[in-house]
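Structure at a glance
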Amino acid sequence: MSPTGRDAEDLLRELAPQVLGVLVRRHGAFDACEDAVQEALFAAALQWPADGVPDNPRGWLLTVATRRLVDQVRSDSARRRREEALALATPQSALLAPPADDDAVQQDDSLALLFLCCHPVLSAPSRIALTLRAVGGLTTAQVAAAFLVPEATMAQRISRAKQGIRAAGGDLPPGSGSGTGIGAGSGGGADGERLGEVRHVLYLIFNEGYTASGGEELTAPPLAAEAIRLTRLLLRLVPDDAETAGLLALMLLTDARRGARTGPCGELVPLAEQDRDRWDGELISEGLELISSTLPRGRPGPYQVQAAIAAVHTEAASADATDWPQILALYDLLLRFDANPVVALNRAVAVAMVHGLAAGLDLLAELAADKRLTRHHRLLAVRAHLSELRGDDPAAAAQAYREAASRTASGPERRYLLGRAQRLAGAGPDGR
């Protein structure tokens, strides 16, 4: 039975890093191998939906990618030495579909590829772009569309990233793979640091998918879904890593709310006003089970703490039933791991809910001195919201909402903030 287009696409994205890992291990030259795999994926995307998935899809992709790689090297006369070396390293049998029990084909280098794409020499945007293309199996056009940039711009970013990997001598280390314990656990050392970098990249991808930094849509669901898929893959490769489990739980519990975050016309609906019946119960159950089984295993990390905060929000039957003292305690713990201003801003909201609006506004006044937050729209939006709740001058709160709206690149956020300002502008002295 022929697969649907979606089935074929999902299979290709699952196999992409596995085939790339085999090619890089066999031939080196990550950049050339990645190009060859992309061409093989394109060929499969055209052929498989019509002809059916081959009996050995991984071997089919590896055969096509290997042929593309050989053709690519042969077409460049300036690389004749490389051609000869590659020809010697590639037996004729490798140009045929490898047998299903071929050790090289069976080895899964997905974890090592994640490490490679999140190489320290690359910038965060380059790591994200390369991870989505090389490990996620997305095309350059798909990555560009997700980040609202021209395809040519994203192509340049990916090209520079691959050049950076090549300059750093980025090849797969000997013996890497899913079964060797690379990055297992959340301890220190080079492997632990690289695993942390991989988690951070996946976290950034998810954040962009859950709340797009710009454009007319609040969310970019394909990015959030890809981040979750890759984090599932990472957890499968390092099953004993509590922080990776915490990151996946955080994503699941957060993404469960996505359907309730917008109204009928795409307008933003804040957490306190969301219809909790529209939250995804399956994602919530999976996320709660994951974080419940992870936290008792040892010392919690920042992703586990964030997942615990999300769990407290999720378990509340209504916004009024939220256990704010527990959330405040968790934010106090989170600040010990990650003393960044956004965490402090979120903690200020929890302080306001526990100790009163005045206490929260006092904290916001202190945070305003942090240059990283001075012009951030969320600081102004939170200040306006707390002032509105306290019944302060509606005109001042409305002005804060308008200023916050002017500083966000997100269309839905801007419209929401301007709507709040307009409502307050028409309010009387008592806020009504």
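Reading the values: the criteria
Residues numbered from 1 in each chain as written. Predicted model: local features only at pLDDT ≥ 70, side-chain atom pairs only at ≥ 80, totals over all residues. Heavy atoms only, no water. Core = buried A, V, L, I, M, F, W, Y, C linked by side-chain atoms within 4.5 Å. Buried < 20%, exposed > 50% of the residue type's maximum accessible area, 1.4 Å probe, protein only. Helix = DSSP H or I, 4+ residues; strand = E, 2+ residues; numbered from the N terminus. Salt bridge = Lys/Arg side-chain N within 4 Å of Asp/Glu carboxyl O. pLDDT = per-residue confidence, 0-100. Contact = heavy atoms within 4.5 Å. Phe/Tyr/Trp six-rings, centres within 6.5 Å; stacked < 30°, edge-to-face > 60°. Lys NZ or Arg CZ within 6 Å of the ring centre and 35° of its normal.

**Details of the nonpolar core**
One finds Phe30 and Leu61 to be the most contacted residues of the largest nonpolar core, which totals 85 residues. A per-element tally of this core places helix α2 (residues 30-51) first, with 10 residues. Core analysis: the next-biggest nonpolar cluster, separate from the first, contains 13 residues, Val305, Tyr331, Leu334 and Val351 among them.

**As for the pattern of salt bridges**
Summed over the entire model, instances satisfying the criterion amount to 20 salt bridges. A salt bridge links Arg194 to Glu197; the nearest nitrogen and oxygen atoms lie 3.5 Å apart. Of the two residues, Arg194 and Glu197 both sit in helix α10 (residues 189-210), 3 residues apart, roughly one turn of that helix. As a salt-bridge pair, Asp332 and Arg347 come within 2.5 Å of each other at their nearest N and O atoms. Taken together, the residues Asp332 in helix α15 (residues 324-337) and Arg347 in helix α16 (residues 341-355) connect sequence positions 15 residues apart. Overall, Asp332 belongs to the partly exposed group, its relative accessible area being 30%. Residue class for Arg347 comes out partly exposed when judged on its relative accessible area of 22%. One connected set of salt bridges, linked through shared partners, spans Glu34, Asp35, Arg133 and Lys162.

**Regarding the confidence of the model for the protein chain**
Overall, the predicted model of the protein chain reaches an average pLDDT of 84, with 84% of residues at or above 70. Predicted confidence for residues 174-187 stays below pLDDT 50, and this span has 28 contacts to residues more than four positions away or in other chains.

**Comments concerning the packing of aromatic side chains**
Applying the stated criterion across every chain yields a total of 3 aromatic pairs. On the basis of an interplanar angle of 10 degrees and a centroid distance of 5.9 Å, the ring pair of Phe206 and Tyr210 is categorised as stacked. On the criterion of helical spacing, the pair formed by Phe206 and Tyr210 is a turn pair, its members being 4 residues apart in helix α10. Note that Arg261 overlies the ring of Tyr210, its terminal NZ or CZ placed 3.9 Å from the centroid.

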